[in-house]
Amino acid sequence: KNEVEQSPQNLTAQEGEFITINCSYSVGISALHWLQQHPGGGIVSLFMLSSGKKKHGRLIATINIQEKHSSLHITASHPRDSAVYICAVRYSGGGADGLTFGKGTHLIIQP
Amino acid sequence: GAGVSQTPSNKVTEKGKYVELRCDPISGHTALYWYRQSLGQGPEFLIYFQGTGAADDSGLPNDRFFAVRPEGSVSTLKIQRTERGDSAVYLCASSLTLQGIQYFGAGTRLSVL
């Protein structure tokens, strides 16, 4: 079964801390997405990557294709970063055209 | 509109009833996706349209679920004989191409009583 595993499931940190959320998947992919979902809100796409590293503001996403692993980092975390962060992949070599999602990481940044 | 629009935002229905959920994608986006998100879970893929055709409906759970996109823009997800287990947030997303970034609507929260 093609699965996307995220860790940790829940994370509480203090404002200013460096945050890392991990994502691993089981088979080859053509792209990996990091998404943000606020309580009661819609889903916002943060990154789409297939190799290397991308940076946007305080957010950094990396992917290691050989190890089938990606990380999302947040530098100088702020309470407004509190949200659910979801990793999703598009599998290569057949299978559903839609994304396969992890269960999400619930992040709380305390002031 | 500027983003993906979904209506209604909330729908409460009784077991056995028929419901329709609407998605209005970003103008010009040929790819449209429906997902379903149960409480505490990540979204699950239901169906993908490329233009007017359902290119991949492998995620539809059973034949009570059906979706159309007759003119290649607005899509409607139809659920017949609703069951309590159908209660979830139904999300729609669109992208310029299959491989592109997906933009999500706010979802329709369906509650089957």
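A.B. asks: What should I look at first to understand the overall build of chain B in this one?
C.D. replies: Helix and strand counts for chain B stand at 0 helices and 11 strands. Secondary structure of chain B in N-to-C order comes out as β-β-β-β-β-β-β-β-β-β-β. Relative to the 2.2 N^0.38 estimate, which gives 13 Å for 113 residues, the radius of gyration of chain B is 13 Å and therefore close to what a compact globule would have. Overall, chain B is about 35 × 25 × 25 Å in size when its C-alpha atoms are taken along their principal axes. The burial tally for chain B puts 46% of its 113 residues in the buried class. Pairs at least 24 residues apart make up 53% of the contacts formed inside chain B by residues separated by at least 6 positions. Carbon together with sulfur atoms contributes 49% to the accessible area of chain B, which is approximately 5,400 Å² in total. Of the charged side chains in chain B, 11 are positive and 10 negative, and the gap between their average positions amounts to 6 Å.

A.B. asks: Just to check I follow, could you spell out the pairing of strand β3 (residues 19–25) of chain A for this structure?
C.D. replies: Regular strands place side chains that alternate from one sheet face to the opposite one. All names here are of chain A. The alternating pattern of β3 places Ile19, Ile21, Cys23 and Tyr25 on a buried face, while none of Thr20, Asn22 and Ser24, on the opposite face, is buried. Bridge count between β3 and strand β8 (residues 69–74): 6 bridges; the pairing is antiparallel. From the neighbouring strand, Asn22 faces β8, where its bridge partner is Ser71.

A.B. asks: Explanation requested: the interface of chain B and chain A in the structure shown.
C.D. replies: Size of an interface, as often reported, equals the accessible area lost when the parts are brought together. Listed per partner, the contact involves 21 residues of chain B and 18 residues of chain A. Here chain B meets chain A over a buried area of about 1,500 Å², counting both sides, of which 57% is carbon and sulfur. On the chain B side of the interface with chain A, the three residues burying the most area are B:Pro43, B:Gln99 and B:Phe104, jointly 29% of the side's total. Inspection of the chain B/chain A interface yields 0 salt bridges. Where chain B packs against chain A, one counts 2 residue pairs in polar contact (both at pLDDT 80 or more). Looking at the side of chain B that touches chain A, the elements that each hand over two or more residues are β4 (31–37), β5 (44–50) and β6 (53–56) of chain B. Partitioned by chemical class, the residues of the side of chain B that touches chain A number 11 nonpolar, 9 polar and 1 charged.

Cut-offs and rules
- Residues numbered from 1 in each chain as written.
- Chains lettered and ligands numbered in written order.
- Predicted model: local features only at pLDDT ≥ 70, side-chain atom pairs only at ≥ 80, totals over all residues.
- Heavy atoms only, no water.
- Helix = DSSP H or I, 4+ residues; strand = E, 2+ residues; numbered from the N terminus.
- Rg over C-alpha atoms; globule rule 2.2 N^0.38 Å.
- Buried < 20%, exposed > 50% of the residue type's maximum accessible area, 1.4 Å probe, protein only.
- Contact = heavy atoms within 4.5 Å.
- Areas by Shrake-Rupley, 256 points an atom, 1.4 Å probe, with all protein chains shown as cover.
- Lys, Arg positive; Asp, Glu negative; His and termini not counted.
- Charge placed at Lys NZ, Arg CZ, Asp CG, Glu CD.
- Pairing = 2+ DSSP bridges.
- Buried area = accessible area lost by both parts, 1.4 Å probe.
- Salt bridge = Lys/Arg side-chain N within 4 Å of Asp/Glu carboxyl O.
- Polar contact = N/O pair within 3.5 Å; in protein donor to acceptor, adjacent residues only side chain to side chain.
- Nonpolar A, V, L, I, M, F, W, Y, C, P; charged D, E, K, R; others polar.

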